[in-house]
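What follows is each chain in one-letter form.
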Amino acid sequence: MTGPNRTAWATIPADEERYRPLYARLLGLRFVNPGGVLCFLFFEGTIALAVLLALAELVTWWAVLVLPLVVAAMVKLNDMVAATVVRSAALVPEQERDRFRRQMEPVVGRARVEWIPHSVPGAVVVDAAPAPPPSQPQ
């Protein structure tokens, strides 16, 4: 099967990989690129939230271990879904993309709308078309 290289869709170049946050590198994220603050919230923030919930006795202390793991699993799942979407979009032939773009172009023009004088009471109708000749009384 010919097509684009699968690794070409990765958003992070290999030489910039070492500058990514540890959280993103450990999860092996390729398509989702969270920054440092977001990685901090994903990991340390969920630990702090779990500790607060445990101190309030709303959850057991197991939540301190489970909540960051669940958040990491959801981030990884989001990355896998993004990879699937990007790969399926890459497989759409260029002619189909062009056809879709043509269909989505706005159409500019004028449409003749028949005006019913009694539809809006008290309205004055202004028309640029020539007035019809008056009918002759018999």
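Residues numbered from 1 in each chain as written. Predicted model: local features only at pLDDT ≥ 70, side-chain atom pairs only at ≥ 80, totals over all residues. Heavy atoms only, no water.

## Let's talk about helix α2 (residues 36-55)
An α-helical segment advances 3.6 residues per turn. Residues three or four places apart therefore align on the same side.
Thinking step 1. With 20 residues, α2 should reach 28 Å at 1.5 Å per residue; the first-to-last C-alpha distance of 27 Å fits that figure.
Thinking step 2. The largest bend along α2 measures about 35° and falls at Gly45.
Thinking step 3. Taken together, the buried positions of α2 are occupied by Cys39, Thr46, Ala50 and Ala54.
Thinking step 4. Lining the buried residues of α2 we find α1 (22-27) and α3 (63-90).
Thinking step 5. Directly beyond the C-terminal end of α2, a positive phi value near 60° is found at Glu57. (Helix = DSSP H or I, 4+ residues; strand = E, 2+ residues; numbered from the N terminus. Expected span 1.5 Å × (residues − 1). Bend = angle between axes of the 7 residues up to and from the residue. Buried < 20%, exposed > 50% of the residue type's maximum accessible area, 1.4 Å probe, protein only. Contact = heavy atoms within 4.5 Å.)

## Brief notes about the side chain of Arg20
Thinking step 1. Structurally, Arg20 can be placed in the segment before α1.
Thinking step 2. Residue class for Arg20 comes out buried when judged on its relative accessible area of 5%.
Thinking step 3. Side-chain polar atoms of Arg20 contact the backbone oxygen of Leu29, separated by 2.8 Å. (Polar contact = N/O pair within 3.5 Å; in protein donor to acceptor, adjacent residues only side chain to side chain.)

## Side note on the UniProt feature "transmembrane region" (unreviewed entry) in the protein chain
Thinking step 1. In the numbering used here, UniProt assigns the feature "transmembrane region" (unreviewed entry) to residues 27-53 and 59-77.
Thinking step 2. Across residues 27-53, helical content stands at 70% and strand content at 0%; the span's end C-alpha atoms are separated by 25 Å. (UniProt positions renumbered as here; feature names shortened; annotations may be inferred.)

## Concerning the nonpolar core
Thinking step 1. Among the nonpolar cores identified, the biggest contains six residues, and these are Tyr23, Ala24, Leu29, Cys39, Ala72 and Val75.
Thinking step 2. Not counting chain neighbours up to four residues away, the residues in contact with Cys39 comprise Pro21, Tyr23, Ala24, Pro34 and Glu44. (Core = buried A, V, L, I, M, F, W, Y, C linked by side-chain atoms within 4.5 Å.)

## Comments concerning a nonpolar patch on the surface
Thinking step 1. Together, Trp62, Leu65, Val66, Val70, Met74, Leu77, Val81 and Val85 line one region of the surface with nonpolar side chains, adding up to about 790 Å² of accessible area.
Thinking step 2. Mapped onto the fold, Val66 is located in helix α3. (Patch = residues over 30% accessible without salt bridge, like charges linked within 9 Å, V, L, I, M, F, W, Y side chains within 5 Å. Areas by Shrake-Rupley, 256 points an atom, 1.4 Å probe, with all protein chains shown as cover. Salt bridge = Lys/Arg side-chain N within 4 Å of Asp/Glu carboxyl O.)

## Considering α3
Thinking step 1. Its 28 residues place the ends of α3 40 Å apart at the C-alpha level, agreeing with the 40 Å of an ideal helix rising 1.5 Å per residue.
Thinking step 2. For α3, the set of buried residues is Ala63, Val64, Pro68, Ala72, Val75, Asp79, Ala83 and Ala90.

## Considerations on the side chain of Asp79
Thinking step 1. Residue position: Asp79 is located in helix α3.
Thinking step 2. Polar side-chain contacts of Asp79 include one of 2.7 Å to the backbone nitrogen of Phe31.
Thinking step 3. Here Asp79 is in contact with Gly28, Leu29, Arg30, Phe31 and Val32, once residues within four sequence places are set aside.

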